[in-house]
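Structure at a glance
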Amino acid sequence: MHTDFDFLAELAWRGLLQQTTSEPDLSVHLGGGQRAAYVGFDPTADSLTIGNLVPIMLLCHFQRAGHQPVVVVGGGTGLIGDPSFKSAERQLLTPEVVEQNIAGQRRIFGRFLDLSPGPVGARLVNNHDWLGKLGYIEALRDIGKHFSVNAMIQRDAVRDRLHNRDQGISYTEFSYALLQAYDFLYLRREMGVTLQMGGSDQWGNIVSGIDLIRRALPAGHNDSFGLTAPLLTRADGGKFGKTEKGAVWLTADRTSPYAYYQFWLNTDDADVIRLLRTFTLLPKEEIDTLAAAKDKDPGARPAQRALARHATELLHGTAEREGAEAAAAALFSGEVASRPENTLNEVFASVPSSDHQKDRLHGEGLSLVDVLIETTLVKSKREAREFLANGSITVNGRKVGADDRVKSESLLCGSIIALRRGKKAWHVTRWR
């Protein structure tokens, strides 16, 4: 164990500690030897989002403290669906879709956790392995008898749905808490897992599991604990992890490393230090130094750059982080003509674009006024002429004037002409 690493203290200063079932007892328990803790992930998609990254970081810090993290993928519970804070019944997924989603999510965990064999090597297990073998009569006798319906309907997630006459809650979703509680019981009994962690929306499910363990296992073999992290919001109260294009995902096929890097780089000053604590492994002293630098010169955005760099490298690795930085530098400087095609694709992935007929560029090509009017950069030919006259327009990083034209030779990688107005307004024309 890393005796100099206090897991609970680490979570507290990072802002990752919301509730525990008994913090003094849990502290003593964690200090008494190597322990195992788990977090469950429902396979509702073939990737995970930044919101799921918070409980992954809990497991990461747990492993750093010398304990064993256990990832439970919900092959069983994913067939039911967690009703917590959902206003309507989930669409049931087929077993085939659940398996595909699990395969997609498995790619992520090895980025943050050491999966190599050994005492603290992270374990990945699928709760369908035990829930799929659980008979209905057995479930009613061994699990259901320990739950009070009176208590279950008082839980926020259930009560809110019961009061919604249009939606209500099905017996299937009502039973979800029993399955998650049984997960904890199974893991406690078969793998020695004594701690369940998750977001604060999972508190009720975690407590249900602890109650079941205490009722079902003999004294001396039923110690168990719960821990939650706060659900993240922005300083202005808005939803965290959302962009104009939707959620920020943890796999490159859904959110590219460049888009991921840009998400962190665009963090508001009010949020950046908190997010450095939450989503990087930087030590307190370094984050405090970045906080001081931010206060001294906010315009330089040192904290945002550090957040983008470390968060991207943690998920995607050094090479992808360097590629994202190079792409960001190209977009900022406008020097795109010499960049390789893969960098250009990264640079322009989220830039406004339009498609055009390539044969229009043959011969004398097109006047820039005619091209600009087909983009988002100007509203009229008069405005196009004004921007060209005052030197506000660049083509592939080169300043141009009203007499310049674009031709076949202007194409980057045989299909792209990148236009910029001023320092930040880009539009990519794609010629096919």
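What counts and what doesn't
- Residues numbered from 1 in each chain as written.
- Predicted model: local features only at pLDDT ≥ 70, side-chain atom pairs only at ≥ 80, totals over all residues.
- Heavy atoms only, no water.
- Pairing = 2+ DSSP bridges.
- Helix = DSSP H or I, 4+ residues; strand = E, 2+ residues; numbered from the N terminus.
- Patch = residues over 30% accessible without salt bridge, like charges linked within 9 Å, V, L, I, M, F, W, Y side chains within 5 Å.
- Areas by Shrake-Rupley, 256 points an atom, 1.4 Å probe, with all protein chains shown as cover.
- Salt bridge = Lys/Arg side-chain N within 4 Å of Asp/Glu carboxyl O.
- Buried < 20%, exposed > 50% of the residue type's maximum accessible area, 1.4 Å probe, protein only.
- Axes fitted to C-alpha atoms, helices over the stretch in contact; angles between N-to-C directions.
- Parallel < 35°, antiparallel > 145°, perpendicular 65-115°, else oblique.
- Left-handed = near helix turned anticlockwise from the far one by under 90°.
- Contact = heavy atoms within 4.5 Å.
- Nonpolar A, V, L, I, M, F, W, Y, C, P; charged D, E, K, R; others polar.
- pLDDT = per-residue confidence, 0-100.

**With respect to the sheet that holds strand β12 (residues 398–399)**
Here we have five strands laid out as an open sheet, ordered β9-β15-β14-β11-β12, and mixed in their pairing. Every interior strand has two partners, whereas the edge strands, β9 (353–356) and β12, have only one. Pairing of strand β14 (residues 416–421) with strand β15 (residues 425–431), which is carried by six bridges, proceeds in the antiparallel orientation. Within β15, the residue paired with Ile 417 across the bridge is Thr 429.

**Digging into a nonpolar patch on the surface**
Together, Tyr 136, Ile 137, Leu 140 and Tyr 171 make up a nonpolar patch on the protein surface, roughly 480 Å² of accessible area in all. Structurally, Tyr 171 can be placed in helix α9 (residues 171–174). Relative accessible area serves as the criterion here: at 54%, Tyr 171 is assigned to the exposed category.

**Overview of the environment of Ala 12**
Here Ala 12 is to be found in helix α1 (residues 7–13). Overall, Ala 12 belongs to the partly exposed group, its relative accessible area being 46%. When the C-alpha atoms of Ala 12 and Tyr 261 are compared, they prove to be 26 Å apart, with 249 residues separating the residues in sequence.

**Looking at unusual backbone geometry**
Positioned with a positive phi, Asn 396 is a non-glycine residue whose angle comes to about 55 degrees. Among the residues examined, Asn 396 registers a relative accessible area of 10% and is labelled buried. Phi is positive for Cys 413, close to 55 degrees, though the residue is something other than glycine. Summarising the element assignment, Cys 413 is placed in the loop between β13 (405–406) and β14. Judged by its relative accessible area of 39%, Cys 413 falls in the partly exposed class.

**So, the packing of helix α15 (residues 302–316) against helix α16 (residues 318–333)**
Where α15 contacts α16, the axes come no closer than 7 Å and their chain directions differ by 140 degrees. Here α15 is positioned oblique relative to α16, judged by the angle of their axes. In the crossing of α15 with α16, the sense of the turn from one axis to the other is right-handed. Every residue of α16 that contacts α15 at Arg 309, Thr 312, Glu 313 and His 316 is listed here: Thr 318, Glu 320, Arg 321 and Glu 325. Of the residues in the contact of α15 with α16, the class split is no nonpolar, three polar and five charged.

**Some words on the pairing of β14**
By the criterion of burial, β14 is predominantly enclosed, with five of the six residues buried. Pairing of strand β11 (residues 393–395) with β14 involves three bridges; the strand directions are antiparallel. Counted as the bridge partner of Ile 393 is Arg 421 from β14. The loop that links β14 with its antiparallel partner β15 comprises three residues; one of these, Gly 422, has a positive phi angle of about 70 degrees.

**A look at the confidence of the model for the chain**
Averaged over the chain, the pLDDT score is 90; the fraction of residues at 70 or greater is 96%. The spread of mean pLDDT over the elements of the chain runs between strand β7 (residues 242–243), the lowest at 70, and strand β6 (residues 225–229), the highest at 98.

**Brief notes about the sheet that holds β6**
Hydrogen bonds between backbone groups are what pair the strands of a sheet, and the pairing can be parallel or antiparallel. Reading across the sheet, the six strands line up as β1-β6-β5-β2-β3-β4 and stay open at both edges, with mixed pairing between neighbours. Among the strands making up the open sheet, the edge pair consists of β1 (19–20) and β4 (123–126). The sheet contact formed by strand β2 (residues 36–41) and strand β5 (residues 195–199) spans two bridges and is parallel. Paired with Ala 37 across the strands is Leu 195, a residue of β5. Sitting on the sheet, helix α2 (residues 23–31) touches β1, β5 and β6, and the angle it makes with β6 is about 105 degrees. Each of β2, β3 (68–73), β4, β5 and β6 is contacted by helix α10 (residues 176–191), which is oriented at about 150 degrees to β2, the strand it contacts most.

**Observations regarding the pairing of β6**
Burial analysis of β6 places five of its five residues in the buried class, which makes it a mostly covered element. Residues Phe 225, Leu 227 and Ala 229 line one face of β6 and the alternating positions Gly 226 and Thr 228 line the opposite face, and both faces are buried. Inspection of the sheet shows β1 paired to β6 by two bridges, in the antiparallel sense. Across the sheet, the residue bridging to Gln 19 is Thr 228, located in β6. Pairing analysis gives five bridges linking β5 to β6, with the strands arranged parallel.

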